[in-house]
Structures are given as C-alpha cells and as structure tokens.
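For reference, the chains in residue letters:
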Amino acid sequence: MIESTLLGEDEATAQAARHSAASGLPDIAVSPAQGRFLQMVCELIGARRVLEIGTLGGYSTLFLARGVGVGGEVVTLEAKKTYAKVAQENFDASGLGDRITMHIRAALKSLADLDGVFDLTFIDADKPNNVNYVEHALCLSRPGSLIIVDNVVREGNILDPAEGDESAKGTRALYEHVKDHPRLEATALQTVGAKGWDGMMFLRVKS
Ligand code: DHB
Ligand code: MG
C-alpha cells in the first residue's frame, strides 16, 4: 500500500535494487519508503553534504544523492570491494553518480582521513562499530547536523542480546553512549514494514 500509492514508479532505484539482488548482495538495504524518508530528511534540513557509512549496493545512497540536489555531495564508505563494485555500477546507471564519492576501505580508516563538515550522516554499517562511527560523525559535524543510525531495534533483540550477537551488543552500547551525551539530543523510532521490525536513531548535534 505505501509503496504502490505513495512512492509510485521509481525506475532508477528499482533498477539498483534488482542489480544488487542479481549480484548476490544481501537483502538488507533500506526499504523504498525508508529511502524516500532519507531523501526527504535531506531536503527538509537543506543538506548539501551527506556522509554515509556502509554503502552496500548504494540503494540508500541514491536517495541521499537525490536529497542533496544539484551541486550537493554524498560521500559513502564501503569496506567490501565486491559490494563497492555493484554500488558503483548502480551509481553509474542512475545518473546521480556525479554527486557521489565512494571510498573503498575500512570505514574507520576513511573517517580518519575525511575532513570538512557534513550536514547529515547516515550510519548503516557493521554494528559493533556504531559508537566509533557516531563519534567520528560528530567530529565531522556542526551544531545542527543530524546523525541517523539504522537498525537500532532489530526485532527487539537489542534488549536481550544473545550470547555472541555482537551486532545487538554494539547497538545496545550505542544507546548507553548517547544517553546523556553532552553534544547530542537523541531519539529513536521503531519501524515495521518491508524490512521487518526495526528502527532508526536520530541524533541532533547540539554543539
Ligand atoms: C543487517 C544489517 C542492516 O544494515 C540492515 O538494515 C538489516 C540487517 C544485518 O547485518 O543483518
Ligand atoms: Mg541497515
């Protein structure tokens, strides 16, 4: 219902999703409605420079690239060469590739070398590093920047991470880290839909 009535035909992103699936990428990109939401957030805050940590096949990247508009820039970080190859093919096919710069190595290494200020950072990578990624994003933010973190509910299993579930533990650590953080105002919203029961965290940089 949401996709068929509100989102309509979107050939560029649908093609990217098909190419990612055909290339064997895991089916863990954001949903079409979540992608549109990310695009709208960029538009609402007037984001011109966006950082994405975790490219996968570049599905969310395309929505962010739309959101920054003509002359805007998305820097996206991907550690896996196989994912990055598919993502680059998706960027080239989309017509939005000139707004997107991808760095292909461990995100923490890229983050150490990045400079400048980002209006929005979308974190959607390996969850055990969520705290590190937020702190790096904070270093690359200004007061008023927004940091969004994907997968902060994970069907509720962050409440009681199973032994060995390092992803759930990493995200749980994120909640503890941002709680009473002097520079962040935080909230999180749960979502149910095409990608199951999950949620996103929203962090506004206060100072
Ligand atoms: C997983 C990762 C994601 O970023 C996501 O959106 C869903 C699932 C995972 O690693 O299982
Ligand atoms: Mg995700």
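The rules behind these values
Residues numbered from 1 in each chain as written. Chains lettered and ligands numbered in written order. Predicted model: local features only at pLDDT ≥ 70, side-chain atom pairs only at ≥ 80, totals over all residues. Heavy atoms only, no water. Helix = DSSP H or I, 4+ residues; strand = E, 2+ residues; numbered from the N terminus. Near = heavy atom within 4 Å. Polar contact = N/O pair within 3.5 Å; in protein donor to acceptor, adjacent residues only side chain to side chain. Areas by Shrake-Rupley, 256 points an atom, 1.4 Å probe, with all protein chains shown as cover. Nonpolar A, V, L, I, M, F, W, Y, C, P; charged D, E, K, R; others polar. Salt bridge = Lys/Arg side-chain N within 4 Å of Asp/Glu carboxyl O. Buried < 20%, exposed > 50% of the residue type's maximum accessible area, 1.4 Å probe, protein only. Donors = N, O, S within 2.8 Å, 3.2 Å for Na, K, Ca; no water.

S.K.: Can you tell me about unusual backbone geometry, naming the residues and giving the values?
M.R.: At Arg154, a residue that is not glycine, the phi angle is positive and equals roughly 50°. In this fold, Arg154 is placed in the loop between strand E5 (146-150) and helix H8 (166-178).

S.K.: So what about the site of ligand 1? Which residues, and what values?
M.R.: In the vicinity of ligand 1, the contacting residues are Ile28, Asp124, Lys127, Asp150, Asn151 and Arg154. Ile28 places a main-chain nitrogen or oxygen 3.1 Å from an oxygen atom of ligand 1. A distance of 3.1 Å is found between an oxygen atom of ligand 1 and a side-chain nitrogen or oxygen belonging to Asp150. In isolation ligand 1 offers 290 Å² of accessible surface; the protein chains occlude 65% of this area. Of the residues belonging to the shell around ligand 1, the class tally is 1 nonpolar, 1 polar and 4 charged.

S.K.: Quick rundown of the pattern of salt bridges? Include the residues and the values.
M.R.: Under the counting rule described, the total for this entry stands at 12 salt bridges. Note that Asp113 and Arg105 form a salt bridge whose closest N and O atoms lie 2.4 Å from each other. A relative accessible area of 34% places Arg105 in the partly exposed class. With its nearest N and O atoms 2.8 Å apart, the salt bridge here joins Arg204 to Glu185.

S.K.: Got a sec to walk through the coordination of the magnesium ion (ligand 2)? Specific residues and values, please.
M.R.: Here the magnesium ion (ligand 2) is held by the protein donor atoms Asp124 (OD), Asp150 (OD) and Asn151 (OD1), which lie 2.0 to 2.1 Å from it. When the donor residues of the magnesium ion (ligand 2) are listed from N- to C-terminus, their spacing reads D-x25-D-N. Linking Asp124 in the loop between strand E4 (120-123) and helix H7 (130-139) with Asp150 in strand E5, this pair joins segments that are 26 residues apart in sequence. On the basis of relative accessibility, which here comes to 14%, the residue Asp124 falls in the buried class. For Asp150, a relative accessible area of 5% translates into the label buried.

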